[in-house]
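Residue-level structure breakdown
In case you want the letters, here they are:
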Amino acid sequence: MRKAIILFALPLLALTGFAQSRSCLRVMPADEMTHNAIWIGRVKVRRADKANFRGSYLQTAALQPLDVIEGDFTLKELNVLAQSVVRCAEDNYVKDQDVLVFLEPQDSLYHTVNYQYGQFPILNDVVKGWRDANNNPVDKPYADVRKEILAYINAAQTPKPQEAPPPTPSAQQPARKPPEPSPQSRSN
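What counts and what doesn't
Residues numbered from 1 in each chain as written. Predicted model: local features only at pLDDT ≥ 70, side-chain atom pairs only at ≥ 80, totals over all residues. Heavy atoms only, no water. Helix = DSSP H or I, 4+ residues; strand = E, 2+ residues; numbered from the N terminus. Buried < 20%, exposed > 50% of the residue type's maximum accessible area, 1.4 Å probe, protein only. Contact = heavy atoms within 4.5 Å. Pairing = 2+ DSSP bridges. Core = buried A, V, L, I, M, F, W, Y, C linked by side-chain atoms within 4.5 Å. Polar contact = N/O pair within 3.5 Å; in protein donor to acceptor, adjacent residues only side chain to side chain. Salt bridge = Lys/Arg side-chain N within 4 Å of Asp/Glu carboxyl O. Phe/Tyr/Trp six-rings, centres within 6.5 Å; stacked < 30°, edge-to-face > 60°.

1. Regarding the overall build of the chain
Helix and strand content of the chain: four helices and eight strands. Its helices and strands in sequence order give the chain the pattern α-α-β-β-β-β-β-β-β-β-α-α, from N to C terminus. Counting only residues that meet the buried cut, the chain has 29% of its 188 residues in that class. For the chain, contacts bridging at least 24 residues in sequence account for 57% of all contacts bridging at least 6.

2. Some details on the pairing of strand S5 (residues 109-112)
As paired strands, strand S3 (residues 78-84) and S5 are joined by two bridges and run parallel to one another. Following the sheet pairing, leucine 81 is matched in S5 by histidine 111. Examined bridge by bridge, strand S4 (residues 98-106) and S5 share four bridges and lie antiparallel to one another. Looking across to S5, one finds that proline 105 is bridged to tyrosine 110. Counting the residues between successive antiparallel strands, the hairpin from S4 to S5 contains two residues, one of them, aspartate 107, with a positive phi of roughly 50°.

3. Some details on the nonpolar core
Ranked by internal contacts, the top residues of the largest apolar core, which has 17 residues, are Leu100, Phe102, Val127, Trp130 and Ile149. Elements that contribute at least two residues to this core include exactly helix H2 (30-36), S4, strand S6 (119-123), strand S7 (126-131) and helix H3 (142-157). Ranked by the residues each element gives to this core, the list is headed by H3, at four residues. Setting aside anything within four residues of it in sequence, one finds phenylalanine 102 in contact with Met33, Thr34, Ala37, Trp39, Ile40, His111, Thr112, Val113, Gly118, Phe120, Trp130 and Ile149. Among the nonpolar cores identified, the runner-up in size contains 13 residues, and Ala61, Leu63, Val99 and Val101 belong to it.

4. Description of the side chain of arginine 42
Position of arginine 42 among the secondary structure elements: in strand S1 (residues 39-50). A polar contact is formed between the side chain of arginine 42 and the side chain of aspartate 125, at a distance of 2.7 Å. With near-sequence residues (within four places) excluded, arginine 42 lies in contact with Gln64, Pro65, Leu66, Asp67, Asp98, Val99, Leu100, Ile122, Asp125 and Tyr142.

5. A look at the pattern of salt bridges
This model, assessed by the stated rule, comprises seven salt bridges. Ionic pairing is found between lysine 128 and aspartate 139, a salt bridge with its closest N-O pair at 3.4 Å. Of this pair, lysine 128 sits in strand S7 while aspartate 139 sits in strand S8 (residues 137-141), and the two are eleven residues apart along the sequence. Residues lysine 140 and glutamate 148 are paired through a salt bridge, measuring 2.6 Å at the closest nitrogen-oxygen approach. According to the relative accessible area criterion, glutamate 148 is buried, its value standing at 16%.

6. Topic: the pairing of S8
As paired elements, S7 and S8 share four bridges and run antiparallel to each other. Of the residues in S8, the one forming a bridge with arginine 131 is proline 137. Between the end of S7 and the start of S8, which pair antiparallel, lie five residues, with asparagine 135 showing a positive phi angle near 65°.

7. Looking at the packing of aromatic side chains
The full count for this structure, using the stated rule, is three aromatic pairs. For the pair phenylalanine 102 and tryptophan 130, a centre-to-centre distance of 6.1 Å together with 20° between the ring planes defines the contact as stacked. Residue phenylalanine 102 is located in strand S4, and its partner tryptophan 130 is located in strand S7; the two are separated by 28 residues in the primary sequence. With a relative accessible area of 0%, phenylalanine 102 lands in the buried category.

Following this line, the structure appears as structure tokens:
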């Protein structure tokens with residue numbers, strides 16, 4: 001009887017592990033990713049290798065910038081850490097892939113903002129899986145996505161109008177009388 005219970009329960013436990021949702025990471029909206037990224041642009045993956053050190057990432061990738069939207073435009077190559085050991089993260093790069101990426105600094109290199117949700121494959125000049133205003137995945141032309149990102153950047157960099165200064169006392173208000181001394185201070 002025990003063996004039957006174990007044989008029945010073991011596969012159920014294994015299946016629940018496989019059935020866990022892969023969307024356990026919060027998907028940042030495009031404006032938040034833009035705000036958090038230090039480098040945004042279209043890149044070509046030149047190299048994707050297994051990391052040769054123990055750490056939080058299992059892959060290093062060399063990315064060649066094709067179009068820099070925000071960040072250091074003088075860089076000829078970006079070294080990025082990928083394949084994070086964070087649960088549900090699937091951030092990886094494939095050689096010769098054309099990708100729109102949002103990067104932030106990590107251990108003197110870069111890593112993808114919001115893991116796999118911060119990189120978008122580009123096929124035939126169409127960004128796959130871009131996020132619309134409701135944060136739903138859509139395919140959108142690269143030129144339109146670029147304009148949208150620049151609008152987010154400009155909105156973040158434009159100073160907000162200052163509030164009107166508090167009103168100054170006008171000359172029409174009567175002057176205040178100085179406070180009268182208290183009875184105790186008069187007797188002294």
